[in-house]
Amino acid sequence: MSLVEAEEIWVEKYRPKKLSDIVGQDEVVSRLQNFVDKKSLPHLLFAGPPGSGKTTAALCIARELFGGEWRHDILELNASDERGIDTIRTKVKDYARTRPISDVPYKIVYLDESDALTSDAQNALRRTMEMYTNTARFILACNYSSRIIEPIQSRCSIFRFRRLVDKDMATMLKRIARAEKLTLEEDAVKAIIYMSEGDMRRAINVLQAAATVKRKVDMKSVYDVSASARSEDVREMLEAALAGKFEDARSKLISMLIDQGLSGEDILQQVHREILGLEIPEPTKVKLMDKVGEVDFRLTEGANERIQLEALLAHFSLLGDRMRTT
Amino acid sequence: MSELWVDKYQPQEIGALVGQSQAVREILNWAESWRKGRPSKPALLLYGPAGTGKTAAAQALARQMGWDLVEMNASDKRSFDVIKNVAGTAAAAGTIFSGTTGKRLVVLDEVDNVYGVQDRGGYRAIEELIEDPRNPVVLIANDQYEIPWQIRASCLMINFRRVQQDAIVGVLQKICRAEKIEAEPMALKVIAETSNGDLRSAINDMQALAEGKKRLAMKDVVLYKRDRESNIFDVLSQLVRAATAKQARELLWSLDMPPEDVLAWIDENLPKVLVDPADLAEAYEAIARADIFLGRTKRRQAYGMWRYASDMMTAGVAMSRKGELKYVRFQLPSTIMKMSRTRAARATRDSVAKKIAERCHTSSHVARKDFLPYLGVIFRYDKKTAQQIALELDFSEAEVNYLAKR
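Let us look at the structure shown here. (Residues numbered from 1 in each chain as written. Chains lettered and ligands numbered in written order. Predicted model: local features only at pLDDT ≥ 70, side-chain atom pairs only at ≥ 80, totals over all residues.)

### Overview of the sheet that holds strand β4 (residues 137–141) of chain B
Residue and element names in this part refer to chain B.
In step 1: Taken in spatial order, the five strands of this open sheet run β2-β3-β4-β1-β5, and their pairing is parallel. Either end of the sheet is taken by a strand with one partner, and the two such strands are β2 (68–73) and β5 (155–159). Strand after strand, the sheet turns through a mean of 20° between neighbouring axes, direction not considered.
In step 2: Summarising the sheet, β2 and strand β3 (residues 104–109) pair through six bridges and their orientation is parallel. Residue pairing for β3: N73 is matched across the bridge by D109. (Pairing = 2+ DSSP bridges. Helix = DSSP H or I, 4+ residues; strand = E, 2+ residues; numbered from the N terminus. Axes fitted to C-alpha atoms, helices over the stretch in contact; angles between N-to-C directions.)

### Notes on the packing of helix α4 (residues 84–97) of chain A against helix α5 (residues 119–131) of chain A
All names here are of chain A.
In step 1: For the pair α4 and α5, interaxial distance at closest approach is 9 Å and the crossing angle is 15°. By the angle class used here, α4 and α5 are roughly parallel. In this structure, α4 meets α5 at a crossing whose hand is right-handed. Contact with α4, carried on its side by G84, I85, I88, R89 and V92, involves A121, A124, L125 and T128 of α5 and no other residues of that element. (Parallel < 35°, antiparallel > 145°, perpendicular 65-115°, else oblique. Left-handed = near helix turned anticlockwise from the far one by under 90°. Contact = placed C-beta atoms within 7 Å.)

### A closer look at the interface of chain A and chain B
Where interface size is given, it is often the accessible area lost as the parts come together that is meant.
In step 1: Taken together, the contact pairs 55 residues of chain A with 46 residues of chain B.
In step 2: Secondary structure elements with two or more residues in the side of chain A that touches chain B: α1 (10–13), α3 (54–66), β2 (74–78), α9 (200–213), α10 (219–229), α12 (246–258) and α15 (305–325) of chain A.
In step 3: The element best represented in the side of chain A that touches chain B is α15(A), accounting for 10 residues.
In step 4: Taken together, the residues of the side of chain A that touches chain B sort by class into 19 nonpolar, 16 polar and 20 charged. (Nonpolar A, V, L, I, M, F, W, Y, C, P; charged D, E, K, R; others polar.)

### Topic: the environment of B:G48
Residue and element names in this part refer to chain B.
In step 1: The residue G48 is located in the loop between β1 (43–47) and α3 (54–65) in this model.
In step 2: Take G48: there are 22 C-beta atoms within 10 Å of it, and that puts it in the buried class.
In step 3: When the C-alpha positions of G48 and F160 are compared, they lie 4.7 Å apart, and in sequence the two are 112 residues distant.
In step 4: Discounting residues that sit within four places of it in the chain, G48 has contacts with K54, N159, F160 and R161. (Buried ≥ 20, exposed ≤ 12 C-beta atoms within 10 Å, placed from the backbone.)

### Thoughts on helix α14 (residues 282–300) of chain A
In step 1: Here α14(A) contains 19 residues, and its C-alpha end-to-end distance of 28 Å stays within 8% of the 27 Å for a straight helix at 1.5 Å per residue.
In step 2: Among the residues making up α14(A), those that are buried are A:L288, A:V295 and A:R298. The buried side chains of α14(A) occupy one side of the element, clustering within an arc of 70° when seen end-on. Looking at α14(A), the residues exposed on the side facing more than 90 degrees away from the buried face are A:E282, A:P283, A:V286, A:D290, A:G293, A:F297 and A:T300.
In step 3: Turning to α14(A), the residues buried within the fold contact α13 (264–275) and α15 of chain A together with α14 (277–300) of chain B. (Expected span 1.5 Å × (residues − 1). Arc of directions from axis to C-beta.)

### Comments concerning the environment of A:Y223
Residue and element names in this part refer to chain A.
In step 1: Along the chain, Y223 turns up in helix α10.
In step 2: The partly exposed category is assigned to Y223, around which 17 C-beta atoms lie within 10 Å.
In step 3: Considered as a pair, Y223 and I192 are 31 residues apart in the sequence and their alpha carbons are 8.4 Å apart.

### Section: the packing of helix α18 (residues 364–381) of chain B against helix α20 (residues 397–405) of chain B
Residues and elements named next belong to chain B.
In step 1: Where α18 meets α20, the closest approach of the two axes is 7 Å, and the angle between their N-to-C directions is 95°. Between α18 and α20, the interaxial angle falls into the category roughly perpendicular. For the pair formed by α18 and α20, the contact residues are L375, G376, F379 and R380 on the first element and V400, L403 and A404 on the second.
In step 2: Partitioned by chemical class, the residues of the contact of α18 with α20 number five nonpolar, one polar and one charged.

### Overview of the sheet that holds strand β4 (residues 136–142) of chain A
Residues and elements named next belong to chain A.
In step 1: Spatial ordering of the open sheet is given by β2-β3-β4-β1-β5, a layout of five strands whose pairing is parallel. The open sheet is flanked by β2 and β5 (157–160), the only strands paired with a single partner. The mean angle between the axes of side-by-side strands here comes to 15°, regardless of whether they run parallel or antiparallel.
In step 2: Across five bridges, the pairing between β2 and strand β3 (residues 107–112) is parallel. Bridge assignment links L77 to a residue of β3, and that residue is L111.

### Thoughts on the pairing of β4(A)
Residues and elements named next belong to chain A.
In step 1: Within β4, seven of the seven residues are buried, which leaves it mostly tucked inside the rest of the structure.
In step 2: Residues A136, F138, L140 and C142 line one face of β4 and the alternating positions R137, I139 and A141 line the opposite face, and both faces are buried.
In step 3: Note that strand β1 (residues 44–47) and β4 share four bridges and pair parallel. Residue pairing across strands places L44 opposite I139, the latter belonging to β4.
In step 4: Across five bridges, β3 lies against β4 in parallel orientation. Within the sheet, the bridge partner assigned to L111 lies in β4 and is L140.
In step 5: Handedness of the crossover is the feature at issue here: the chain leaves β3, passes through α5, returns alongside β4, and the resulting connection is right-handed. (Right-handed = clockwise from strand over helix to strand, strands pointing away.)

### Quick look at the pairing of β1(B)
Residues and elements named next belong to chain B.
In step 1: For β1, the buried fraction is high: five of the five residues fall into the buried class.
In step 2: Relative to β4, β1 runs parallel, the two being bridged by five bridges. Its bridge partner being in β4, L44 is matched across the sheet by V138.
In step 3: As paired elements, β1 and β5 share five bridges and run parallel to each other. For L46, the partnering residue across the bridge sits in β5 and is I158.

Here it is as structure tokens:
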């Protein structure tokens, strides 16, 4: 982890530095503030959707607890990037061996996306947490606390981060626009919020990209940016499948998985969004959404992305064929 | 091994051919018509799966008609020169071979795999051969659709079918009696079943198992079955044609390949062979189920689950097929090739994502999904900001180019 924040990327530039600057999570923030003020921190479990402020809260806690040298006393790990529980264990061991720089008697280990760990790995993690409990506090972040094993949950204070509501998103976007001296039209704010679905990180990225195209950000520039950023691949893939061009649909899929490095879940999410806008009978849409849900479940169980998504496309092809023949 | 049983017990007359009565009748009629002159279809094309008696039929026919036999393999260069020779010298009077009728039966094997096919010279030579008014010609192939229609048009097409299991068992019993081997009926049945209609392989298998023994038991056969290898192409082609769940399921027994790889092959080729979207959807659901069972096998180390994965990828696929099949060349799983072709670009993408992940407190996956598309816009539209970001995140030139071209 680098010791310098990226300032050219607005997500970092405008990341709140104090707990009290975090928008939309008032209840969580006030409880966390309490810990910080007393300088006593239990292990924490942050659960909530992407872009709702989990990492920001962890960084704020470190800043406020440790002061100027805070960077040295927090170890950031990402479960989806570390190669297995053994690397995590080794890194924690090496890190927790040395004394903290600040006068607080422990360091923080922040483990993001901890629900990416299998339950075996989580059990190993639990032992690690116990081993270093005198010298380190763990903050685990995940999307769903239910994916974290009971023994870990019971050792942590659990904090649920809400999906950000429109009002809070708007507050943050306008704060940034003022600081960057941008004109941000009300329609544009609505469009950004609509597209980012409560994910602040995505909203800020859209805003920054739109502002590079035009300093006066309006609805059109927002849609233009997201059209050129978010490719039409998923829709084209579905349309090819419905038109009976299964192999075309399939090569689009494979290119998204391999060239763009999207995960099966990413693609499924977009498929799910596209279904409502497709020109197919309404009851069919419901059946398809059900099917998408089934495939999504299979992926969380570790099934092969390519095969499962191909099976879904074959299903689309069949529906398309039935629509043409009846 | 002394003499191959397939040679030792080869049918001497064409009438003794097993399981191909329809084909035999047509061949005999055609041969008779040569006595009256040149028939309208001067050549035979015998096509069908391996080991069903095509070559044996041609040989028996020559013997029975008193014709000299010239056998060649169309796929090899030497034979190719001979073809041209035979075709070239045919106009010359008389024959260098003995025989009162003065006719030679030219048998060309593997016509679906002809030497010199790139320049089409191979097929031209065959056409010349067929045009020769003196010589009856027999072409032999597995797949008739690999042969140009011009050639097929001058041939009488005769289909050899897979030999029925009972007929194969009958032949095996006869050989056992002649060799004084006492065989358990089930053992012969399993050999017949494994051969999947290929009489030659059934006889070869039995010879390997039973030669020099007095008894052939079921247990010898079961062990042997696992050792026998077949290749993935055979398995794929038989899989989509299998008539019963059992037939389909047993295809994997003879294949030495990990189930994940077999699944990748099936996955790649399904949409190429299946025509009906309903078949395709059902077959895909079957392999999706197979994939789930494979996942369970791996995650829980529950190797018993493997059998269900195999069920779904074989029987599940075979029973999904109700409609037509396309004839195709099976292809290597494309993911493997694509992965190696795109290696450089993916490496750049991942190194960019890693740098973003480190500076923006997130994972490379989120960086790929939620940062790269927007950075791409910035790098295309605003060179100044792009430069600053590149400096700050320490992007290489290749990484900058990657973002700008996204």
